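# What the coordinates show
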Amino acid sequence: MSKNGSISSSVIKRLPRYYRFLGELKKQGVDRISSRELSQRMKLTASQIRQDLNCFGGFGQQGYGYHVDELREEIGKILGVDRQFGTILIGAGNLGNAIATHINFDTRGCKLIGIFDNNEQLIGRQVGNLTVRHTDEIPAFCNEHHPIAAVLCIPKQAIQQIADTLVVMGIKAFWNFSHYDLSIGYDDIIVENVHLGDSLMTLSYRLNVLTSEKEMESDEYEQ
Ligand code: NAI
């Protein structure tokens, strides 16, 4: 596994997409696929795909392409989707609820085992198949169940204090939805910051380019 530790983050970021695509191909009953066809479907170049997969030793065979199920399984192993990393979620508000009920943790390497909030009115509520517990219970819960990852769905003002407590309790990875840069001060802790707004701004950028081109075209036409 250590050989994968040096893989560039851009390659790692593409792996879930390969995994998802291969899963769809599998559902469609496709057994094998050439790197050219896979590249066309995924809108990547065939050499990009070969380069990506070569980082892990390469899975294709000359003249055969890729065996869909095998490749998906190998990528799944690299991603660790077959693991069950104990995960807790902090903040059972709108976002926390949506994540806990709509993200399938089990098929993505993590197992959601606890949900916590500090709002008394939410304690005891059912979210999916879990009951919301008070944040005061976090230390006892961690001592008993040893979660290794935490999803943070609380306002940014509360993040640092909670994160410090969780690190002491053995949490090694944060899936952080608060708009707060948690990587600061935690060199040995894995942080995956998620900003849906950034994705929207990327869309806005592309729309901006598209509409500017169209406007330029119509300006030229009018002149
Ligand atoms: P919300 O107000 O519905 O839920 C926040 C929950 O956190 C509440 O239940 C509250 O009681 C709890 N909470 C507050 N302080 C706490 C603490 N110290 N310990 C434990 N629980 C605590 O808010 P919502 O809509 O769920 O958003 C949560 C956060 O996620 C916000 O900071 C928001 O800005 C952010 N957000 C981030 C997105 C992203 O793309 N990264 C998208 C949407 C929201």
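Throughout what follows, the structure given in this document is the object of discussion. (Residues numbered from 1 in each chain as written. Predicted model: local features only at pLDDT ≥ 70, side-chain atom pairs only at ≥ 80, totals over all residues. Heavy atoms only, no water.)

## Some thoughts on the overall build of the protein chain
Counting its secondary structure elements, the protein chain contains eight helices and nine strands. Relative to a compact globule of 223 residues, whose C-alpha radius of gyration would be 17 Å, the protein chain shows 22 Å and is clearly more extended. Here the C-alpha coordinates of the protein chain stretch approximately 60 × 55 × 35 Å along the principal axes. Across the 223 residues in the protein chain, those meeting the buried criterion constitute 36%. (Helix = DSSP H or I, 4+ residues; strand = E, 2+ residues; numbered from the N terminus. Rg over C-alpha atoms; globule rule 2.2 N^0.38 Å. Buried < 20%, exposed > 50% of the residue type's maximum accessible area, 1.4 Å probe, protein only.)

## A closer look at the environment of I138
Within the element layout of this structure, I138 appears in helix 6 (residues 138–145). Linking I138 and I159, residues 21 residues apart in sequence, is a C-alpha distance of 15 Å. Not counting the four nearest positions on each side in its chain, I138 is found in contact with I90, F116 and L166. (Contact = heavy atoms within 4.5 Å.)

## Description of the sheet that holds strand 3 (residues 85–90)
Across a sheet, strands are paired by hydrogen bonds formed along the backbone, either parallel or antiparallel in direction. Spatially, the seven strands line up as an open sheet ordered 5-6-4-3-7-8-9, and their pairing is mixed. A strand with exactly one partner marks an edge of an open sheet, and here the two such strands are strand 5 (126–127) and strand 9 (190–193). Alignment of strand 3 against strand 7 (residues 149–152), held across four bridges, turns out to be parallel. Bridge pairing links T87 to A149 in strand 7. Across the sheet, helix 6 lies against strand 3, strand 4 (110–117) and strand 6 (130–134), angled at about 160° from strand 4, the strand it touches most. (Pairing = 2+ DSSP bridges. Axes fitted to C-alpha atoms, helices over the stretch in contact; angles between N-to-C directions.)

## Description of the site of the ligand
Close to the ligand lie 21 residues, the nearest being L95, D117, F177, V194 and L196. One of the backbone N or O atoms of N118 is found 3.4 Å from a nitrogen atom in the ligand. Between V194 and the ligand, the recorded distance is 2.5 Å, taken from a backbone N or O atom to a nitrogen atom. Surface burial for the ligand is 72%, taken as the share of its 850 Å² of free accessible area covered by protein chains. Of the residues assigned to the shell around the ligand, the class counts are 12 nonpolar, eight polar and one charged. (Near = heavy atom within 4 Å. Polar contact = N/O pair within 3.5 Å; in protein donor to acceptor, adjacent residues only side chain to side chain. Areas by Shrake-Rupley, 256 points an atom, 1.4 Å probe, with all protein chains shown as cover. Nonpolar A, V, L, I, M, F, W, Y, C, P; charged D, E, K, R; others polar.)

## Points about the nonpolar core
Among the nonpolar cores identified, the biggest contains 21 residues, and Y18, L22, L38, I49, Y66 and I75 are the most heavily contacted of them. Broken down by secondary-structure element, the contributors of at least two residues to this core are helix 1 (9–27), helix 2 (35–42), helix 3 (46–54) and helix 4 (68–79). The dominant element in this core, judged by the number of residues it contributes, is helix 1, at seven residues. Counting residues in hydrophobic clusters, the runner-up holds 20 residues, among them I138, I159, A163 and L182. (Core = buried A, V, L, I, M, F, W, Y, C linked by side-chain atoms within 4.5 Å.)

## Considering unusual backbone geometry
The phi angle of most residues is negative, glycine excepted, and most peptide bonds adopt the trans form. Of note in the backbone geometry, K43 takes a positive phi value of approximately 55° without being a glycine. Inspection of the secondary structure assignment puts K43 in the loop between helix 2 and helix 3.

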